[in-house]
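Structural description and commentary
So the chains spell out like this:
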Amino acid sequence: MNSNIKLSNKPYIGTKDYIGENLDLLFYIFNKWRKLALSYNYAEYIIPLLEYADVYRAKSGEDLGNKELYNFKDKGGREVAVRPEATPSITRLVTKFYNTTPKPIKVFSILNFMRYERPQAGRFREFWQFNIDMFGDDSINSDFEMLKIATESILTFNPPKDSFVIYVNNRPLMDKILAKISNQSNKQIVQRIIDKYSKLTPEEFKAELMSKAKLTNEQIEFLTNILQTNLKDLAELIPELAEDTEYKRLITLFNMLKAIGYSQYIKFNPAIVRGIDYYNGIVFEAFDLNPNNNRAMFGGGRYNGLSEIFGINNMPAIGFAPGNATMEIFLQNWKLIPDTIAPTIKIFLPQIEPNQTVDYYAFADKVRNKIKKLLNTTKTIAIEISLKQLNLNKALKYALAKNFDY
């Protein structure tokens, strides 16, 4: 390599270096999520950074499976991709032992991912996610548990009242409603436009439905009425829904959530459809209600059919995945970051001039052990021993610059 080449010390666009306090915050969030998952008896996993590109192209949708995919051919000519999400990969992993393992199978991970998209506030090309999924149960109870954990993934940070909401819908229910105004060929187009409903003006929403989905004014008016209707009144607009299995399941789910006091956090919203193709049951998205950051934080839902691409038909599955970037913004805007989040107590043992009469390192090691016994804390105790002699002034400056506690 040419030694005269000078390279930038900035990280690749859309990525971020973590060190010191930034990393402390990252691990503060991760530790909360890990503790939550373990409290529900979910097992932690790690998946490879690379997958075959077709794993994501099969069901992840146009954006995730193509436009945002970091893909390339390896030296053996195989097309691979850096993981943009965990769902296809953990589905692949679980299909390997699904038929021989007691159900449900409950798993979680905290991993980094990459998507080629425009970097902006709360969205990077490399990001970290808490992925939590349950396989092997198609009952309303797994819907309930996943929504409960999703709510608690935010409540664990002690947010104020009315700081967030989780909107819930049901994809099969919406499919039946959309069948009244669209056919199979443009259903996905309509769904993707609905997915942007909250970001578009009424005029923009109507224009996209007319130009891209070819809907009439009457069909658009019908759809707009649906998107502005609560769950109870939905059956009045479409009477046949009153006996629909998915509609009744959704009613029961909200009654269960109300019974534990979570209906204050979880609301029905027919505009939530999720743009990823593999969802085929309940879908949900958590929103930050801070006026400075009124946006979606994370989403999830049921994806029973995804396992078909790995040879297992109808493997029940449900999950969600909050990311670190949106959670950091949520915590900052609501002032939820504690003054001290470092997982360690940091202590500096300087070697002060003049020379000690005993071997300094042997002496300092005894002091280190004594301190650990005296502090008696569950935190990690980090003790740095000075590598060279310092006068008192330099020792104090060093300790302050490195943010030692003692």
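Scroll up to find the structure.
Report follows, based on the coordinates. (Residues numbered from 1 in each chain as written. Predicted model: local features only at pLDDT ≥ 70, side-chain atom pairs only at ≥ 80, totals over all residues. Heavy atoms only, no water.)

**Looking at the overall build of the protein chain**
Condition: Runs of H or I in DSSP of at least four residues are treated as helices and runs of E of at least two as strands, each being numbered from the N terminus. A simple rule labels every residue: compare its accessible area, found with a 1.4 Å probe on the protein chains alone, to the largest value its type can have, and call it buried under 20%, exposed over 50%, or partly exposed in between. Contact criterion: two residues are considered in contact whenever any of their non-hydrogen atoms come within 4.5 Å of each other. Only the protein chains shown count as cover for residues, and all accessible areas are computed by the Shrake-Rupley method using a 1.4 Å probe.
The helix and strand tally for the protein chain stands at 14 helices and 13 strands. By its C-alpha atoms, the protein chain is 90 × 60 × 50 Å across when sized along the principal axes. Here the protein chain, with 406 residues, has 47% of them falling under the buried criterion. Sequence separation of at least 24 residues holds for 70% of the intrachain contacts in the protein chain that already meet a minimum separation of 6. Taken as a whole, the protein chain presents about 21700 Å² of accessible surface, with 52% of it coming from carbon and sulfur.

**What to know about the sheet that holds strand β6 (residues 126-135)**
The line we're drawing: At least two bridges found by DSSP between two strands are what make those strands a pair. Angles run from 0 to 180 degrees between N-to-C directions of axes, and those axes are lines fitted to C-alpha atoms, restricted for helices to the stretch in contact.
In spatial order, the strands read β1-β5-β6-β11-β10-β9-β7-β8; together these 8 strands make up an open sheet with mixed pairing. Where the open sheet ends on each side, the last strands, each with one partner, are β1 (43-44) and β8 (266-268). As paired elements, β6 and strand β11 (residues 317-320) share 4 bridges and run antiparallel to each other. Residue pairing in the sheet places Met134 in a bridge with Ile318 of β11. Relative to the sheet, helix α1 (residues 21-39) contacts β1, β5 (105-114) and β6, its axis offset from that of β5 by approximately 165°. Most of the contacts of helix α12 (residues 324-333) go to strand β10 (residues 295-302), to which it runs at about 135°, and overall it touches β6, β7 (164-170), β9 (282-288) and β10.

**Brief notes about the side chain of Glu85**
Keep this limit in mind: By the counting rule applied here, Lys and Arg register as positive and Asp and Glu as negative, while His and the ends of each chain are not counted. Any Lys or Arg side-chain nitrogen found within 4 Å of a carboxyl oxygen on Asp or Glu counts as a salt bridge. Polar contact criterion, stated in full: a pair of N or O atoms within 3.5 Å, where within protein one must be able to donate a hydrogen and the other to accept it, and residues adjacent in sequence count only if both atoms are side-chain atoms.
Position of Glu85 among the secondary structure elements: in the loop between β4 (79-82) and α4 (87-95). Buried charge without a salt bridge: Glu85, with Arg115 as the nearest opposite-charge side chain at an N-O distance of 5.0 Å. Polar side-chain contacts of Glu85 include one of 2.6 Å to the side chain of Tyr278.

**Some thoughts on the side chain of Ser153**
Mapping Ser153 onto the fold places it in helix α5 (residues 140-155). Accessibility expressed as a relative area gives 0% for Ser153, which makes it buried. Ignoring any residue separated from it by four or fewer positions in sequence, one finds Ser153 in contact with Trp33, Leu36, Phe298, Phe320, Pro322 and Met327.

**Section: the pattern of salt bridges**
Counting across every chain of the model gives 18 salt bridges. The partner of Asp143 in a salt bridge is Arg249, and the shortest N-O contact between them spans 2.8 Å. In this pair, Asp143 is assigned in helix α5 and Arg249 in helix α11 (residues 245-259), connecting sequence segments 106 residues apart. Given a relative accessible area of 1%, Asp143 falls into the buried group. The shortest N-O distance in the salt bridge between Glu240 and Lys180 comes to 2.6 Å. Of this pair, Glu240 sits in the loop between α10 (231-237) and α11 while Lys180 sits in the loop between α6 (171-178) and α7 (184-195), and the two are 60 residues apart along the sequence. Members of the salt-bridge network, linked through shared partners, are Asp138, Asp143, Arg249 and Arg302.

**Focus on the packing of α5 against α11**
How we decide: Oblique is the label for any angle not under 35 degrees, not over 145, and not in the 65 to 115 range, which are roughly parallel, roughly antiparallel and roughly perpendicular in turn. With the far helix as reference, a near helix turned anticlockwise by less than a right angle produces a left-handed crossing, and one turned clockwise produces a right-handed crossing. Ten residues, namely Ala, Val, Leu, Ile, Met, Phe, Trp, Tyr, Cys and Pro, are considered nonpolar, four, namely Asp, Glu, Lys and Arg, are considered charged, and the remaining ones, Gly among them, are considered polar.
Put simply, α5 and α11 touch, their axes get as near as 10 Å, and they point 45° apart. What the angle tells us is that α5 and α11 run oblique. Of the two elements, α5 crosses α11, and the hand of that crossing is right-handed. Within the contact between the two elements, α5 uses Ile140, Asn141, Asp143, Phe144 and Leu147 and α11 uses Arg249, Thr252, Leu253, Met256 and Leu257. Residue classes in the contact of α5 with α11 are distributed as 6 nonpolar, 2 polar and 2 charged.

Everything listed here is a matter of coordinates, which is why it stays silent on function.
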